[in-house]
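Listed here are the chains, written in short residue letters.
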Amino acid sequence: MEFANTTIGGPAAYNSHLNRLTEPEDFWLLLRHDDGIGLSNICVRNDHDTTATPIFLLQAFVASFVILMVSRILKPLGQPLVVSQILGGFIIGPTLLGRLSFAKDLLYPERSFPMLDVFGVMGIMFYFFLIGVQIDPWVVKTTGRKAFIIGISTAVVAYLLPAIGVFFVPELVKMVETPSILITVGNLTMAGTTFTFPTIARYLYELNILSSKFGRMALSSSIIGTLFNYFYQATLRFRSVEKKGPAILRMAANVTFVVVVIYVIQPVVLWALRWRREGVSLNLGRLYTIFVAVLVTGILSHAINRDVIFGPFILGIALPPGPPLGSALVDKLEFITSWIFMPLYFLKFGLGINVFATIVNSVDNWAWSVIGIGSIGKFLGAFISSILCRIPVRDAIALGLVMNVQGVVELGLFKALKRSRHLLPAVYVMMCTTLLVVTWTVTIILRALYKSSSSKWYQVSNRRTILDTKPNTELRILACIHKEHSVPLIIDVIEASNHSISNPIGLYVLHLEELVGRSDPILISHGVRGSRIPVFSVSRTFNNINAPVLSEHIVNVFQRYEQENNNVGSISVQSFTAISPYSSMHDDVCTLALEKSTSLIIIPFHKLRSCAYDPLESSSSSGTGIRTMNINVLDNSPCSVAILIEGGLWSSSKVKLGNWTSCRVLVLFLGGADDREALAYGARMCGHPNINLTVVRLVANSPTNIGTSKERKYDEYAVNEFKHNMVVNKQIRYIEEMVMDGSNTISVIRSIESDYQLIVVGRRHDERLPVISGLTEWIEHNELGTIGDILASSEFGDASIFVVQTQSNEEEVLQGSSDYQDPFIQTVCSRLDDDVEDPRKEFKTGRG
């Protein structure tokens, strides 16, 4: 059995009907119609042959297994799923596995092709439906000027450069008189230079850079470029048709189909959604109705002489993305489509390709030249326009590389051109191979660029910490919220932060939601009410998108809190909603903190403590994603970060602090930059009339001096400054406890922690400190540090925990090292190495 070089056999009418009926792949051509093997014979069981169903199940198993194994192997390299799928198709097909005679006879008997084709076509229909569901067509209105320039420039240069370069390729210059070659070159240029928004969105999502500033620019540019490509190619196709009448009729049929979907099917779906009660999941019957509509639109697409994927794609675009409908559809269809149907589709794809036999023997150098020039055109178009738009060189290079990424959408275009005889079979194989190689290579380069630069994106030259916030200036805090139950505790913490006219707080509330059921991340600004702070522009804010209902509830609570303090004028609130994947959600947090110049980010812990001595319970099924976001924020934040663990005493549905006569707060001080930041936050809190603050310093009862002398000096100066400033405050207690080792530390904490509603502690400590010796081996959550993890365990009480990490620079804070030096205190103490009569006075002068 030959896979790659078989020609069409049998009656032309039969082949035409077969192509029209199911839009088959190359392996349909293997059917020997002249031997009497047709649909009727294939579908009827022969007593001497095995049935098609077991073979189909074997094919499904092999396809899914091979693609899964390839994806596992390529996972350390960070390759996207489409690379694993295409490479798996190559392995299954005649390029590798199909070259073995026993594999061909066992896996690819002719009677199995019809069933394989049907399921493969269903897979690609639902795949394009899901792509459409995740696209918000109105996002085009939000693209900025830079994205418009980059998108148009990339598309124009990608078309022009091959057209000009053709005349400099010697092989093409000789064949310029041949019309068929010129047509092939034109179609090859069109296919090779195409880039689409869904493909790039999926690619950026899998690389975890969808929500970054670079990712958003690439996404916006691809939207403009995709629209330009579509209209340009449609214009060329219309002009190339000799008889305009049938072409106009087909265009009218397409427009009518789109109008019916948008103005008939979409209103019916939206009407049905309005009857859904808030908080109630979508009825399965309504979802199944949409699944049936996918099949119906595929049939209608076939009726108007379009690919079966056209109707499902338009239907998906017409449906509202995101929750409740878009997320429900993705939840029901994503897995079975990606890992059951699509492997069968790529098995079909691989059976029509023999890389070695086709490319090595059939393709001339001119085809490689055209594809290479087109790729260079896309890169140069994006790179040069990005430089002109004053985008950093590293990001401009990355944009040029991303525009060369292609995927399943482009594969569909290649197949359509091949079926319509606009691409030579050998050129088609070359295009698919080039897609795989280019995407693979771009991924390696892009991950290297992103990995080397991502840690520097949010670094700032000035210090943004609570300790470095000058007196009588505004303290800016970014509070992140995932679920509604975190709101009361956040408000209590903000209230405990002691905002006043002389020391106001600028609060930025960011409600974070996982990106499900849509391809583009969004950041919604809910406006400012009564704020004295100038509103900094957020270029990627989408104001025309309706905020989720939960976000509105959260926003209303904080607006009421701001209104209650309007008479005092001590706090201003601005609210945002970010919808993005958990893997890149930290980009939203860090970017907003960078633009708003915040000094502290408050993020909730991914688990809840429901009551005293109960084990930690996950706050939601998305706990792993929230934990990933927290770790990324700690690693990349441009300012100090605090992880807030909810305890039983502050877990009610209403704010308590304003009604309490006394709220007991404990600051544990072991030493180090993070503990100094925690101490500075406690010093600010103790100005609140309802706060009683206790500072417990754990001192090693050991002659061994651990850490540098300067590090110990920084701690002494910070503690002395705190005691000096708070000497007249009767609501403060300072206690020193001598401990020998980690077990003594546990005993001290256990004896006092049940007396407090809130415990503030630094995250990082020198692992060599005697006070934590023997404790570091039992850490379950590294993001909390040694002491924070102990306090959050089930063995301790139900106080809320506030774990603080101060702002970090690139070369600072090596785990287990005492080399970390707070830059502010380092500057002060560098002048105190000699004998200074009044170090406390020098310390105050340094801050001024």
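The rules we used
Residues numbered from 1 in each chain as written. Predicted model: local features only at pLDDT ≥ 70, side-chain atom pairs only at ≥ 80, totals over all residues. Heavy atoms only, no water. Helix = DSSP H or I, 4+ residues; strand = E, 2+ residues; numbered from the N terminus. Expected span 1.5 Å × (residues − 1). Buried < 20%, exposed > 50% of the residue type's maximum accessible area, 1.4 Å probe, protein only. Axes fitted to C-alpha atoms, helices over the stretch in contact; angles between N-to-C directions. Parallel < 35°, antiparallel > 145°, perpendicular 65-115°, else oblique. Contact = heavy atoms within 4.5 Å. Patch = residues over 30% accessible without salt bridge, like charges linked within 9 Å, V, L, I, M, F, W, Y side chains within 5 Å. Areas by Shrake-Rupley, 256 points an atom, 1.4 Å probe, with all protein chains shown as cover. Salt bridge = Lys/Arg side-chain N within 4 Å of Asp/Glu carboxyl O. pLDDT = per-residue confidence, 0-100. Polar contact = N/O pair within 3.5 Å; in protein donor to acceptor, adjacent residues only side chain to side chain. Core = buried A, V, L, I, M, F, W, Y, C linked by side-chain atoms within 4.5 Å. 1 Å grid on protein atoms, 1.4 Å probe; cavity = no way out; pocket = protein on both sides within 12 Å on 5 of 7 lines; lining within 4 Å. Points joined across faces, edges and corners; volume = space filled by probe spheres on them. Nonpolar A, V, L, I, M, F, W, Y, C, P; charged D, E, K, R; others polar. Phe/Tyr/Trp six-rings, centres within 6.5 Å; stacked < 30°, edge-to-face > 60°. Left-handed = near helix turned anticlockwise from the far one by under 90°. Lys, Arg positive; Asp, Glu negative; His and termini not counted. Charge placed at Lys NZ, Arg CZ, Asp CG, Glu CD. Pairing = 2+ DSSP bridges.

**Let's talk about helix α6 (residues 113-133)**
End to end, α6 covers 30 Å across 21 residues, agreeing with the expected 30 Å (1.5 Å per residue, within 8%). Among the 21 residues that make up α6, 17 are buried, leaving the element largely enclosed by the rest of the structure.

**Section: the packing of helix α3 (residues 52-74) against helix α15 (residues 325-351)**
Between α3 and α15, the least distance of the axes is 8 Å, while the angle of their chain directions is 95 degrees. Between α3 and α15, the angle is such that the two are roughly perpendicular. Contacts from F56, Q59, A60, A63, S64, I67, L68 and S71 of α3 reach α15 at W339, I340, P343, L344, F346 and L347.

**Observations concerning a nonpolar patch on the surface**
On the surface, M251, V255, V259, V260, I262, Y263 and V264 cluster together into a nonpolar patch covering about 620 Å² of accessible area. The class for I262 is partly exposed, based on a relative accessible area of 32%.

**Some details on the pattern of salt bridges**
A full pass over the atoms with the stated rule returns 13 salt bridges. A salt bridge links R476 to E474; the shortest N-O distance between them is 2.9 Å. Among the residues examined, R476 registers a relative accessible area of 16% and is labelled buried. Through salt bridges with shared partners, a single network forms among R202, E206 and E334.

**A word on the confidence of the model for the protein**
Here the protein averages 76 in pLDDT, while 75% of its residues score no lower than 70. With pLDDT under 50 throughout, residues 528-547 is counted as low confidence; its partners more than four residues away or in other chains account for 57 contacts. Predicted confidence for residues 611-619 stays below pLDDT 50, and this span has 22 contacts to residues more than four positions away or in other chains.

**Looking at the environment of S640**
Residue placement: S640 occurs in strand β8 (residues 640-645). Expressed as a C-alpha distance, the spacing of S640 and I601, which sit 39 residues apart in the sequence, is 6.3 Å. Apart from the residues lying within four places of it in its own chain, the contact partners of S640 are R464, T465, I466, S599, L600, I601, E677, Q805, T806 and Q807. A polar contact is formed between the side chain of S640 and the backbone nitrogen of Q807, at a distance of 3.4 Å.

**Concerning the nonpolar core**
Formed by 91 residues in total, the largest nonpolar core has its most connected members in I86, L188, L204, F214, F346 and F349. Sort the elements by how many residues they give to this core and helix α20 (residues 425-454) lands first, with twelve residues. Those residues in contact with F349, other than ones at most four positions away along the chain, are I86, F90, L411, K415, Y428 and C432.

**Digging into empty space enclosed by the protein**
Counting across every chain of the model gives six cavities of 30 Å³ or more. A volume near 90 Å³ is recorded for the largest cavity. Along the walls of the largest cavity sit G192, I371, S375, K378, N404, Q406, M431, T434, L435 and V438, which together make up its complete lining. Sorting the residues of the lining of the largest cavity by element identifies α17 (365-388) and α20 as the ones contributing at least two each. Counting residues per element, the lining of the largest cavity draws most heavily on α20, which supplies four residues.

**Quick look at the layout of surface pockets**
Taken as a whole, the second largest pocket spans an internal volume of roughly 1,400 Å³. Contributing to the lining of the second largest pocket are 45 residues, with L81, R202, Y205, E206 and E334 lying nearest its centre. Counting residues per element, the ones that place at least two in the lining of the second largest pocket are α3, α4 (81-92), α6, α10 (197-206), α15 and α19 (408-419). A class-by-class count of the residues in the lining of the second largest pocket yields 20 nonpolar, 16 polar and nine charged.

**Some remarks on the packing of aromatic side chains**
Tallied over the entire structure, the rule returns 15 aromatic pairs. An angle of 35 degrees between the planes, with centres 4.7 Å apart, marks the rings of F56 and F119 as tilted. Pair noted here: F56 is in helix α3 and F119 is in helix α6, with a separation of 63 residues, a long-range link. Judged by its relative accessible area of 8%, F56 is buried. Ring geometry for Y159 and Y232: centres 4.6 Å apart, planes at 50 degrees, overall tilted. Here Y232 lies in helix α11 (residues 213-240) and Y159 lies in helix α7 (residues 145-165), a separation of 73 residues in the sequence.

**Side note on the packing of α3 against α6**
Where α3 contacts α6, the two axes come as close as 9 Å, and the packing angle between them is 45 degrees. It follows from the interaxial angle that α3 and α6 lie oblique. Crossing handedness for the pair α3 and α6: right-handed. Along the contact surface, α3 presents T53, F56 and Q59, while α6 presents M115, L116 and F119. Classifying every residue of the contact of α3 with α6 by side-chain character gives four nonpolar, two polar and no charged.

**Some thoughts on a positive patch on the surface**
A cluster of basic side chains, namely R145, K146, K213 and R390, defines a positive patch on the protein surface. You can see K213 is positioned in helix α11. By relative accessible area, K213 is classed as exposed at 57%.

**Looking at the side chain of S385**
Along the chain, S385 falls in helix α17. A residue is classified by how much of its surface remains accessible, and S385, at 5% relative accessible area, is buried. In terms of polar contacts, S385 uses its side chain to reach the backbone carbonyl oxygen of G381, at 2.6 Å. Ignoring sequence-local partners within four residues, the contact set of S385 consists of I149, I150, S153 and L380.

**So, the pairing of strand β4 (residues 571-580)**
Within β4, ten of the ten residues are buried, leaving the element largely enclosed by the surrounding structure. Alternating residues of β4 divide into I571, V573, S575, T577 and I579 and S572, Q574, F576, A578 and S580, and every residue in both groups is buried.

**Observations regarding the pairing of strand β5 (residues 600-604)**
Regular strands place their side chains on alternate faces of the sheet. Among the five residues that make up β5, five are buried, leaving the element largely enclosed by the rest of the structure. With burial as the criterion, each face of β5 is covered, one bearing L600, I602 and P604 and the other bearing I601 and I603. Examined bridge by bridge, strand β1 (residues 475-481) and β5 share three bridges and lie parallel to one another. Bridge assignment links L478 to a residue of β5, and that residue is I601. One ladder, built from five bridges, connects β5 with β8; its direction is parallel. Each residue of the ladder has a partner; that of P604, found in β8, is L644.

**What to know about α19**
Under the 1.5 Å per step criterion, the end-to-end length of α19 is 16 Å for twelve residues, consistent within 8% with the ideal 16 Å. For α19, a buried count of ten out of twelve residues is recorded, marking the element as mostly surrounded by other parts of the structure.

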